[in-house]
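Observations on the model geometry
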There are 2 protein chains.
Amino acid sequence: MKYNYSDIPEITVRRLSVYFHILKCLKDNNVEFISSKQLASLAHTNAVSVRKDFSYFGEFGKKHIGYNVNYLMKSIMKILNISKKNSYIIVGYGNLGTAISFFPGFKDENFFLKGIFDIKEEIIGKEPIEGVKVMHIDELNDFVKENRIKFAILSTPMNVAQVVSEKLAKAGIKGILNMTGRHIRVPEKTLVFDINIVTGLEWLSYFISKKGDKK
Amino acid sequence: MKYNYSDIPEITVRRLSVYFHILKCLKDNNVEFISSKQLASLAHTNAVSVRKDFSYFGEFGKKHIGYNVNYLMKSIMKILNISKKNSYIIVGYGNLGTAISFFPGFKDENFFLKGIFDIKEEIIGKEPIEGVKVMHIDELNDFVKENRIKFAILSTPMNVAQVVSEKLAKAGIKGILNMTGRHIRVPEKTLVFDINIVTGLEWLSYFISKKGDKK
DNA sequence: ATAATAATGTGATTTAAATAGCATAAGGAG
DNA sequence: CTCCTTATGCTATTTAAATCACATTATTAT
Ligand SMILES: NC(=O)c1ccc[n+]([C@@H]2O[C@H](COP(=O)([O-])OP(=O)(O)OC[C@H]3O[C@@H](n4cnc5c(N)ncnc54)[C@H](O)[C@@H]3O)[C@@H](O)[C@H]2O)c1
Ligand SMILES: NC(=O)c1ccc[n+]([C@@H]2O[C@H](COP(=O)([O-])OP(=O)(O)OC[C@H]3O[C@@H](n4cnc5c(N)ncnc54)[C@H](O)[C@@H]3O)[C@@H](O)[C@H]2O)c1
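What counts, and where the lines are drawn
Residues numbered from 1 in each chain as written. Chains lettered and ligands numbered in written order. Predicted model: local features only at pLDDT ≥ 70, side-chain atom pairs only at ≥ 80, totals over all residues. Heavy atoms only, no water. Helix = DSSP H or I, 4+ residues; strand = E, 2+ residues; numbered from the N terminus. Buried < 20%, exposed > 50% of the residue type's maximum accessible area, 1.4 Å probe, protein only. Contact = heavy atoms within 4.5 Å. Areas by Shrake-Rupley, 256 points an atom, 1.4 Å probe, with all protein chains shown as cover. Lys, Arg positive; Asp, Glu negative; His and termini not counted. Charge placed at Lys NZ, Arg CZ, Asp CG, Glu CD. Buried area = accessible area lost by both parts, 1.4 Å probe. Salt bridge = Lys/Arg side-chain N within 4 Å of Asp/Glu carboxyl O. Polar contact = N/O pair within 3.5 Å; in protein donor to acceptor, adjacent residues only side chain to side chain. Nonpolar A, V, L, I, M, F, W, Y, C, P; charged D, E, K, R; others polar. Near = heavy atom within 4 Å. Least-squares fit on C-alpha atoms with pLDDT ≥ 70 in both. Domains from an automatic or database assignment.

This brings us to the overall build of chain A. Scanning chain A for helices and strands turns up nine helices and nine strands. In terms of principal-axis extent, the alpha carbons of chain A reach across some 60 × 45 × 35 Å. Counting the 215 residues in chain A, one finds 52% classified as buried. Partitioning the intrachain contacts of chain A with sequence separation of at least 6 by distance along the chain shows that 55% fall at a separation of at least 24. A total accessible area of about 11100 Å² is found for chain A, and carbon and sulfur atoms account for 52% of it. Of the charged side chains in chain A, 32 are positive and 22 negative, and the gap between their average positions amounts to 8 Å.

Given below as structure tokens:
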């Protein structure tokens with residue numbers, strides 16, 4: 001069956017990403033085939049959901065056999081548009097920005113760090129990662145345009161999140177991964193994905209406290 | 001109207017946390033009252049959703065006026081069970097763990113860091129934050145039990161995520177904030193909240209690539 | 001004092017997502 | 001070669017979430 005882009009549940013896209021990370025791990029352990037049931041159990045969901053999620057994009061499995069891990073990974077990479085190299089920058093090079101810059105996991109998914117931006121004079125010009133320089137935020141606009149950067153990880157302090165994200169949008173950044181915990185408003189053409197660590201603790205807190213009073 | 005715990009949509013709990021962070025910011029700017037419409041616009045949702053979310057827990061607003069920012073914050077804190085002090089630990093004190101330990105934002109939400117665990121001999125015994133020591137993972141069990149720690153932020157390497165989370169569950173940790181990107185399996189009594197930065201970039205990648213082929 | 005306005009809170013309805021059920025295909029056992 | 005098992009993929013149904021529509025109330029303007 002053929003689906004439109006707009007028929008596809010947003011949550012399916014999230015799950016594809018989860019499946020992908022699980023498949024990476026399976027591949028490292030030389031697993032060649034996996035059933036929707038097994039994959040579901042690893043992804044904390046159920047087999048029907050797994051099959052349905054894939055069915056929006058095509059038929060990737062074989063009856064009686066399940067899914068070929070390698071082929072499924074490649075298919076998901078195509079769907080998520082991460083089969084080709086992508087470039088990203090980090091904006092705000094403090095504690096969190098630094099941690100992210102040293103994390104090797106982005107490369108496996110074809111995301112390559114191309115630049116770092118901050119305002120602290122003492123770090124500008126440094127090259128903390130080979131081939132990646134820290135630049136002043138004033139150089140952002142030209143750099144993004146010249147290098148056609150699509151993605152930015154925003155890890156500045158909260159109080160400048162809004163102004164900095166406006167600069168990002170203006171420079172032509174297509175997607176902002178917002179780590180600041182502050183909601184930002186940008187033109188519709190720029191997408192934002194929010195990650196908020198504190199929110200996670202609050203969610204846990206609620207469900208732990210409510211676990212007693214079931215039903 | 002009175003709702004049961006199980007009648008309340010999970011997504012509502014997530015949004016409460018989002019509202020709370022926005023309210024904190026409004027309070028800092030001396031805003032006293034806010035309408036569901038205004039709050040919705042700041043939270044990227046709509047006014048009815050905002051009101052419905054609150055209505056599961058009680059009536060917090062005044063007609064024609066809207067919500068008192070302070071009162072609403074206190075109410076949300078009660079709902080999320082963050083009005084009293086909570087203790088958490090960080091397990092895996094590498095780049096990310098360190099960044100998190102220095103982040104002051106948890107205190108505002110009544111989450112206090114009580115201990116740090118790792119296996120690197122050269123950092124064990126250090127006190128990177130006043131009053132918070134780095135301990136060996138072998139001391140985890142006793143420490144968690146003695147200090148009745150409820151929450152743990154897991155930031156070890158992926159390959160030990162499973163074994164370490166089993167230790168956490170065994171020690172009696174109630175909620176794990178899993179930063180590793182690897183899915184972990186723990187007994188049902190232990191809750192897990194996953195945060196995966198790479199997933200965020202993939203989500204952005206998908207929606208940016210699909211934006212052209214609308215409908 | 002009355003009308004107009006701006007807001008909340010909640011049943012009713014619509015839409016989206018999850019789940020169930022089943023037809024079908026691939027492989028293995030006998 | 002036929003039957004049994006296992007697993008996919010799709011349609012139908014159920015459940016959950018979002019939205020609509022409106023009754024209600026507090027405040028302001030006339
Ligand atoms: N840094 C990032 O931006 C980033 C992004 C996405 C995901 N992650 C994930 O977060 C986790 C931590 O990342 P990081 O960059 O801080 O890695 P890191 O290697 O800098 O830190 C890991 C720490 O865990 C410690 N450790 C190892 N085994 C342990 C054990 N058995 N018990 C306790 N501690 C142990 C190590 O000694 C080290 O200090 C990883 O799983 C990574 O995949 C990190
Ligand atoms: N560290 C965490 O664990 C954590 C957790 C949750 C949320 N956050 C959020 O992530 C963000 C970063 O946290 P952090 O701990 O790295 O903070 P940080 O203060 O260590 O780093 C912020 C960096 O941004 C730079 N900066 C300031 N203004 C700038 C501008 N206009 N343009 C570019 N860079 C600018 C600063 O010079 C600094 O290097 C914050 O918004 C924080 O709320 C962090």
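What follows picks up the thread again.
The next thing to look at is the interface of chain B and chain A. Each partner contributes to the interface: chain B provides 69 residues, whereas chain A provides 69 residues. Roughly 6500 Å² of surface becomes buried between chain B and chain A when both sides are summed, with 71% attributable to carbon and sulfur atoms. Contact with chain A buries area across many residues of chain B, yet Tyr5(B), Leu201(B) and Trp203(B) alone supply 12% of it, more than any other trio. Applying the counting criterion to the chain B and chain A interface returns zero salt bridges. Viewed at the interface, chain A and chain B are joined by 15 residue pairs in polar contact (both at pLDDT 80 or more). Mapped onto the side of chain B that touches chain A, the elements with two or more residues apiece are helix 1 (10-28), helix 2 (36-42), helix 4 (69-80), helix 5 (95-102), strand 8 (175-178), strand 9 (191-194) and helix 9 (197-210) of chain B. Residue contributions to the side of chain B that touches chain A peak at 14 residues, all from helix 9 of chain B. Here the residues of the side of chain B that touches chain A are counted per class, giving 36 nonpolar, 18 polar and 15 charged.

Moving on to the site of ligand 1. Taken together, 21 residues lie around ligand 1, and Ile100(A), Asn95(B), Leu96(B), Asp118(B) and Thr156(B) are the ones closest in. With respect to ligand 1, its neighbouring residues span chains A and B. Contacts to ligand 1 include Tyr93(B), whose backbone N or O atom sits 3.4 Å from an oxygen atom. In this structure, an oxygen atom belonging to ligand 1 sits 2.7 Å away from a main-chain N or O atom of Leu96(B). Mapped onto the shell around ligand 1, the elements with two or more residues apiece are helix 5 (95-102) of chain A together with helix 5 of chain B. Tallied by class, the residues present in the shell around ligand 1 amount to 13 nonpolar, six polar and two charged.

To continue, consider the site of ligand 2. The environment of ligand 2 is made up of 21 residues, and the closest members are Asn95(A), Leu96(A), Asp118(A), Thr156(A) and Ile100(B). Those chains with residues close to ligand 2 are chains A and B. At 2.7 Å, a backbone N or O of Leu96(A) approaches an oxygen atom of ligand 2. Separating a nitrogen atom of ligand 2 from a backbone N or O atom of Ala99(B) is a distance of 3.3 Å.

In this section: the relation of the copies chain B and chain A. For the match of chain B to chain A, the screw axis carries a shift of 0.0 Å, the RMSD comes to 0.0 Å, and the turn is 180°. In symmetry terms, the pair is related by a two-fold rotation axis. The share of interface residues of chain B whose copies in chain A are also at the interface is 100%, consistent with both copies meeting through the same surface.

This part covers the domain arrangement of chain A. All names here are of chain A. Here chain A is described as being made up of domain 1 (5-78) and domain 2 (86-198). Computed from C-alpha atoms alone, the centre-to-centre distance between domain 1 and domain 2 is 30 Å. On the side of domain 2, five residues touch domain 1, which itself brings five residues to the contact. In total, domain 1 and domain 2 occlude about 330 Å² of area from one another, counting both sides; carbon and sulfur atoms represent 46% of this. At the junction of domain 1 with domain 2, the criterion picks out two salt bridges. In this structure, Lys-24 engages Glu-109 in a salt bridge whose closest nitrogen and oxygen atoms are separated by 2.8 Å. Put simply, domain 1 and domain 2 have two residue pairs in polar contact (both at pLDDT 80 or more) between them. With four residues, helix 1 (residues 10-28) is the largest single contributor of residues to the side of domain 1 that touches domain 2. Partitioned by chemical class, the residues of the side of domain 1 that touches domain 2 number two nonpolar, one polar and two charged.

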